[in-house]
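One-letter residues, chain by chain:
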Amino acid sequence: MEKVIITAAITGSRIMRDAAPHIPITPEEIIQSALEAWRAGAAIVHIHVRDPKTGLGCQDLHRFRQVVEALRKETDLILSLTTSGIPGRNLPAEERLCPVTLKPELASFDAGSINLGGAVFINDPAFLDQAAGIMKQAGVKPEIEIFDLGMLITALRMHDEGKLDDPLHFQFVLGPPWGAPATPKSFLHLHDHLPPGATWSTIGIGRGFLPMAMMALIMGGHIRVGMEDNIYLDKGVMAKTNAELVERVVRIIEAYGRPIASPSEARLLLGLKK
Ligand code: ZN
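Residues numbered from 1 in each chain as written. Predicted model: local features only at pLDDT ≥ 70, side-chain atom pairs only at ≥ 80, totals over all residues. Heavy atoms only, no water.

**Q** Lay out the pattern of salt bridges with the relevant residues and their values.
**A** Tallied over the full model, the rule gives twelve salt bridges. Residues Arg63 and Asp60 are paired through a salt bridge, measuring 3.2 Å at the closest nitrogen-oxygen approach. Across the pair Glu145 and Arg224 runs a salt bridge whose closest N-O atoms are separated by 3.8 Å. Residue Glu145 is found in strand S9 (residues 141–146), and its partner Arg224 is found in strand S12 (residues 222–225); the two are separated by 79 residues along the sequence. Arg224 matches Glu145 in its accessibility class, with the two residues each being buried. Each of Asp129, Arg157, Glu161 and Lys163 takes part in a single network of salt bridges with overlapping partners. (Salt bridge = Lys/Arg side-chain N within 4 Å of Asp/Glu carboxyl O. Helix = DSSP H or I, 4+ residues; strand = E, 2+ residues; numbered from the N terminus. Buried < 20%, exposed > 50% of the residue type's maximum accessible area, 1.4 Å probe, protein only.)

**Q** Quick one: what's the story with the packing of aromatic side chains, residue by residue and with numbers?
**A** One pair of aromatic rings is described through two measures. These are the centre distance and the angle between the planes. In total, this model carries four aromatic pairs according to the counting rule given. Aromatic side chains Phe170 and Phe172 sit 6.5 Å apart centroid to centroid with 15° between the ring planes, which places their arrangement in the stacked category. Both residues of the pair, Phe170 and Phe172, count as buried. With centroids separated by 5.3 Å and ring planes inclined at 40°, the aromatic side chains of Phe187 and Trp200 adopt a geometry described as tilted. Here the residue Phe187 occupies a position in helix H6 (residues 184–191), and Trp200 occupies one in strand S11 (residues 199–204), the gap between them amounting to 13 residues. (Phe/Tyr/Trp six-rings, centres within 6.5 Å; stacked < 30°, edge-to-face > 60°.)

**Q** Please provide a residue-by-residue account of the coordination of the zinc ion, values included.
**A** Protein coordination at the zinc ion comes from His46 (NE2), His48 (NE2), Glu228 (OE) and Glu228 (OE), with a distance range of 2.0 to 2.7 Å. Coordination at the zinc ion is irregular: its four donor atoms span angles of 52 to 129° at the metal. Along the chain, the residues donating to the zinc ion are arranged with the sequence spacing H-x1-H-x179-E. Here His46 and His48 have matching classes, each one buried. (Donors = N, O, S within 2.8 Å, 3.2 Å for Na, K, Ca; no water. Tetrahedral: all angles 85-135°; square planar, octahedral: opposite > 155°, others 65-115°.)

**Q** Give me the lowdown on the packing of helix H1 (residues 27–40) against helix H8 (residues 242–256), citing residues and values where you can.
**A** Put simply, H1 and H8 touch, their axes get as near as 8 Å, and they point 15° apart. Between H1 and H8, the angle falls in the class roughly parallel. For the element pair H1 and H8, the recorded crossing hand is right-handed. Of H8, the residues touching H1 (which contributes Ser33, Glu36, Ala37 and Ala40) are Asn242, Ala243, Val246, Glu247 and Val250. (Axes fitted to C-alpha atoms, helices over the stretch in contact; angles between N-to-C directions. Parallel < 35°, antiparallel > 145°, perpendicular 65-115°, else oblique. Left-handed = near helix turned anticlockwise from the far one by under 90°. Contact = heavy atoms within 4.5 Å.)

Encoded structure:
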């Protein structure tokens, strides 16, 4: 059976200490949490950084550099840097795309606009063209985040136009308010539209975390977990670390019988050059 790549999404941009007392905020906390997730079995870490004054996500290149340099020195992790900024705050394109200059192996690429909670997360066609162009030039592979079918169709169109290169890698984000729900039927509908040769992973937001991890497990995909997506280890039990969330899926993957990919094995599976 094909190896499973586990991605740990360390902190995101929105969940604050009042809701999640253990969520990493400072660069030091983010680095420490990523190290623990790596030791627990993650091959990829998805990184946001936070503004220490507000606690919210920010696209501060200096902070990204601090985290990236430490993780490159101490681990063989694949780094996936966010270009979302704070979904719904719609930061200027240059700010959102600045982490690409650090040449991570992956960067998030949100393939369309969507209402999230009370705001609209804008990824209009001009921004997508700009993001795809900058990533291609920097040799950074887009991790194509799909919240609904229109985003997948958009990515396929951009692939046909030569803006996104093979092999495509998709990240299905199911269960956010108010995107596609984290249900098997909803996921299968998206999965039916995957192009041949693509790799893919699932994210289940909140209580969708285990159902979507299981769908990926049985259908040959990869799995993202972490405090950006879900802060509960179990019903009513908050995760204290990202490593606990990784360990939770490691146990399920091992019981099922798929091997877990190391970072170098994940590079081969994703067609990364390094
Ligand atoms: Zn993110």
